[in-house]
Each structure stands twice: as C-alpha cells, then as structure tokens.
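# Structural characterization, general
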Amino acid sequence: MISFVFKLVAKVYLLDIHQFLETQDHKHIVLINEDPAVGRDAEIQFIKSGLEKGQVCLYATNNVALTKNHMESTGINVSQFEQKAALQICNVPKTFSEYRKVILEIVNDVKKYEKEIRLVSTHDFDFSLNDNVNLMVEIEQKIDDVFSNIPGNMICSFSLSNMGKEQSKEFIERLLDSHHVVIFLQKDGTPKWFNLP
C-alpha cells in the first residue's frame, strides 16, 4: 500500500515497534496502521513505557472511556497516574476546527512540564475527503513548526481505514513533510519504520 514511501526513506530498522520507539529521542512520529486495534496497542505501550520512566504522558482520543479500559487491561493504573498529573487523556472534538484548537493548545502548553513528555494523538476523522486531508496537513505542519519546544516524542496515529483509496498515497506523502519518522504497522503487528532525511 505504501510502497512509494520506500523511495523516500533513508534507513529501515528490524526491531520490534516498542524497542524502536524507545530508541527515538525528540521525534515527531507518524504511525499509519492497517488495523486500528493494533495501532492502539502500540500507542498504549508507548504511553505505558513513558509512565514507567516517570514521564508525563498526554493522549488525545475520540473515546476516552475505551482508551482508559484498554490502558487498565495492560496494567496501567489510570486513576493513580491521573491523580499524580502524570497522565492526561483528552477527548478529541468532533470537528476539525475544534480539534485544531485543542491539539495546538496541548502542544503549545507542554513547556509547563519540567519532565520529558510523550504525546499521542489519534482520531476517527474521515480522510477520504480532500478538505479533511488539507486541514490535517495544516495542523501537522503547525505542530512541526513548534516541535522544537516539545521536550519528548509525539505520535500522530492514522488508520488506513479512515483514508480513501484515492487519498491515501497523497495524504501519506504530505504527512512525511511534517514528521521525522514514519511507521507503517501491518495488521499482524509487524512494523516497518523509517527515519526521514
């Protein structure tokens, strides 16, 4: 599906996705998954590892209750980490204009943390629509413009099931401009990732 990406990349790694994510330092990462459940598992493991390291973790999602349930099932004591302000799970608004406002507020507000942070942003927007693609690319570029102020790593997660067949290639190519690393996570959980030049 994304074979065109292979022409754009510098280096391929043969680690498991969790090992690979732990080697990244101050990276804006795009995670593209074939199966949203597999993508969610990778996102939650990324957050869990950050919490175990004493980092502040922020997770923006369309379904806060479901996300908390999945985190609890992996052994994360959500209420304990929320009480310590080490974990914040934010609800993604239904519209792009509201999402843009919320995610940019989160990104611009990270300077207040005195610890390294981890951010995950995931959502269910329909990227088969040109307007949504253009708005998301704009948001991702704005995040990248201020990324130097973020003391940690950020994963922006997208499911191929939310991309139209016609849009996916162009959308992914445009996302590459605003990210340092791209990870393609297959249905079976096998990752392919690349550091972009």
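Note: the structure precedes this text.
Our subject in this report is the structure included herewith. None of the values given here were measured: they were computed from a predicted structure.

## Describing helix H6 (residues 130-145)
In a regular helix each residue adds 1.5 Å, so 16 residues correspond to 22 Å; H6 covers 23 Å between its end C-alpha atoms and thus fits that length. Among the residues making up H6, those that are buried are Asn 132, Val 133, Met 136, Val 137, Ile 139, Glu 140 and Ile 143. Projected down its long axis, H6 carries its buried residues within an arc of 160 degrees, all on one side. Away from its buried face, by an angle of more than 90 degrees, H6 presents the exposed residues Asp 131 and Asp 145. On its buried side, H6 packs onto strand E2 (28-33), helix H5 (96-109), strand E6 (152-159) and helix H7 (165-176).

## A word on the packing of helix H2 (residues 36-52) against helix H3 (residues 64-73)
Orientation of H2 relative to H3, taken along the N-to-C sense of each, is 65 degrees, at an axis distance of 10 Å. Regarding the angle of H2 to H3, the classification is roughly perpendicular. Seen from above, H2 lies across H3 with right-handed handedness. Counting all contacts with H2, which are made through Arg 40, Ile 44 and Ile 47, the residues of H3 involved are Thr 67, His 70 and Met 71. Of the residues in the contact of H2 with H3, the class split is three nonpolar, two polar and one charged.

## Here's the deal with the pattern of salt bridges
Throughout the structure, instances matching the rule amount to six salt bridges. A salt bridge links Asp 109 to Lys 112, with the shortest nitrogen-to-oxygen separation between them at 3.2 Å. Classification of Asp 109 as partly exposed rests on a relative accessible area of 38%. Across the salt bridge formed by Arg 174 and Glu 170, the nearest N and O atoms sit 3.6 Å from each other.

## Thoughts on the side chain of Ser 178
Along the chain, Ser 178 falls in the loop between H7 and strand E7 (181-185). For Ser 178, a relative accessible area of 2% translates into the label buried. Reaching out from Ser 178, the side chain makes a polar contact with the side chain of His 179 at a distance of 3.3 Å. Apart from residues no more than four positions distant in its own chain, Ser 178 is found in contact with His 28, Glu 140, Gln 141 and Asp 144.

## Considerations on the environment of Pro 191
Tracing the chain through its elements places Pro 191 in strand E8 (residues 191-195). Placed 159 residues apart in sequence, Pro 191 and Ile 32 show a C-alpha to C-alpha distance of 9.7 Å.

## A short note on the nonpolar core
Side chains of nonpolar character tend, in soluble globular proteins, to be buried together. In terms of nonpolar packing, the biggest core is built from 37 residues, with Ile 103, Phe 127, Met 136, Phe 158 and Phe 171 touching the most fellow members. Only E2, strand E3 (56-61), H5, strand E5 (117-122), H6, E6, H7 and E7 provide two or more residues apiece to this core. No other element matches the six residues that H5 contributes to this core. Once residues within four sequence positions are removed from consideration, Phe 158 is found in contact with Val 30, Leu 31, Ile 32, Asn 33, His 123, Phe 127, Met 136, Glu 140, Met 163, Phe 171 and Leu 175. Formed by 26 residues, the second largest nonpolar core is a distinct cluster that contains Ile 29, Ala 42, Val 64 and Ile 89.

About the cut-offs
- Residues numbered from 1 in each chain as written.
- Predicted model: local features only at pLDDT ≥ 70, side-chain atom pairs only at ≥ 80, totals over all residues.
- Heavy atoms only, no water.
- Helix = DSSP H or I, 4+ residues; strand = E, 2+ residues; numbered from the N terminus.
- Expected span 1.5 Å × (residues − 1).
- Buried < 20%, exposed > 50% of the residue type's maximum accessible area, 1.4 Å probe, protein only.
- Arc of directions from axis to C-beta.
- Contact = heavy atoms within 4.5 Å.
- Axes fitted to C-alpha atoms, helices over the stretch in contact; angles between N-to-C directions.
- Parallel < 35°, antiparallel > 145°, perpendicular 65-115°, else oblique.
- Left-handed = near helix turned anticlockwise from the far one by under 90°.
- Nonpolar A, V, L, I, M, F, W, Y, C, P; charged D, E, K, R; others polar.
- Salt bridge = Lys/Arg side-chain N within 4 Å of Asp/Glu carboxyl O.
- Polar contact = N/O pair within 3.5 Å; in protein donor to acceptor, adjacent residues only side chain to side chain.
- Core = buried A, V, L, I, M, F, W, Y, C linked by side-chain atoms within 4.5 Å.

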